[in-house]
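Chain by chain, the residues:
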Amino acid sequence: MRILQLHDEPWDSGITAYAWTCAATAGAVCPNASGSGAIAETIATFPSGGQLVYTISATVDDDPPASVANTASTTPPGDGICADGTAPPCSSTVVLPAA
């Protein structure tokens, strides 16, 4: 069994609440179908070619920032490497306009 750790960072100020859902394909298994707050999952079944997609819905406050950034990181097991060929932990950041 290969275990993968996934963590996302706290959201920027201006976000009052967020919830997420997980969808799996190609033999991967979501540890939880949905949740709220930061994602901190241990993924026990994640075969080669598998994919997990986390969709996040957030609520901004009355004075939101111009953009919102979120960083997710993962540590693959054993001799796993990141998609760009570097050593773990692997990270990705997404920046979206808040409006």
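Above this text sits the structure in question.
Predicted, not measured: the structure shown is a model, and the values here were computed from it.

> What is the right way to read the nonpolar core from this model?
The nonpolar side chains of soluble globular proteins are, as a tendency, buried together. One finds Trp20, Cys22, Ala28, Cys30, Ile39, Ile43, Leu52 and Tyr54 forming the largest nonpolar core, which totals 8 residues. Counting residues per element, the ones that place at least two in this core are strand E2 (15–25) and strand E5 (51–60). Excluding its chain neighbours within four sequence positions, the residues that come into contact with tryptophan 20 are Asn32, Ala33, Ser34, Gly35, Ser36, Gly37, Ala38, Ile39, Glu41, Tyr54, Thr55 and Ile56.

> I keep staring at the environment of alanine 24 and nothing clicks. Help me out?
Along the chain, alanine 24 turns up in strand E2. Its relative accessible area of 36% is what places alanine 24 among the partly exposed residues. Remark: the alpha-carbon pair of alanine 24 and glycine 50, spanning 26 residues in sequence, is separated by 7.5 Å. Setting aside residues no more than four positions away along its own chain, alanine 24 makes contact with Val29, Cys30, Gln51 and Leu52.

> When you look at the sheet that holds E2 in this model, what are you seeing that I'm missing?
Spatial strand order, E3-E2-E5: 3 strands in an open sheet with antiparallel pairing. The sheet is open, and its two borders are formed by strand E3 (34–36) and E5, each paired with just one other strand. Taken pair by pair, the neighbouring strands of this sheet meet at an average axis angle of 20 degrees, ignoring direction. Where E2 and E5 come together, 10 bridges link them in antiparallel fashion. Bridged to alanine 24 within E5 is leucine 52.

> Got a minute to help me understand the state of the cysteines in this structure?
Every disulfide links exactly two cysteines, by a covalent bond between their sulfur atoms. Taken as a whole and judged by the stated rule, the model has 2 disulfides. Each disulfide pairs two cysteine sulfurs, and for cysteine 22 the partner residue is cysteine 30, the sulfurs being separated by 2.1 Å. Judged by the torsion about the S-S bond (-75 degrees), the cysteine 22/cysteine 30 disulfide is left-handed. The buried category is assigned to cysteine 22, whose relative accessible area is 12%. Since its relative accessible area comes to 17%, cysteine 30 is described here as buried. Each sulfur of the disulfide joining cysteine 82 and cysteine 90 lies 2.0 Å from the other. An S-S torsion of about -95 degrees defines the bridge between cysteine 82 and cysteine 90 as left-handed. Cysteine 90 matches cysteine 82 in its accessibility class, with the two residues each being buried. For the chain, the bonded cysteines connect in the pattern 1-2, 3-4 when numbered consecutively along the sequence.

Parameters at a glance
Counting starts from 1 at the beginning of each chain's written sequence and moves along it residue by residue. Only residues with pLDDT of at least 70 are given local features in this predicted model, and only at 80 or more are side-chain atom pairs given and counted; all residues enter the totals for whole chains, interfaces and linings. Side-chain numbers here rest on the full set of heavy atoms in the structure, without hydrogens or water. In this text, buried Ala, Val, Leu, Ile, Met, Phe, Trp, Tyr and Cys residues form a nonpolar core when linked through side-chain atoms within 4.5 Å. Exposed residues in this analysis have more than 50% of their type's maximum accessible area, buried residues have under 20%, and partly exposed residues fall in between, with area computed by a 1.4 Å probe over protein chains only. Secondary structure elements are taken from DSSP: a helix is a run of H or I of four residues or more, a strand is a run of E of two residues or more, and numbering for both begins at the N terminus. Here, residues are in contact when the closest pair of their heavy atoms is within 4.5 Å. Whether two strands pair comes down to DSSP finding at least two bridges between them. Interaxial angles span 0 to 180 degrees and are taken between N-to-C directions of axes, which are lines fitted to C-alpha atoms, for helices over the stretch in contact. A pair of cysteine sulfur atoms is labelled a disulfide when the two atoms are within 2.5 Å.

Function cannot be inferred from these measures alone, as they are strictly geometric.
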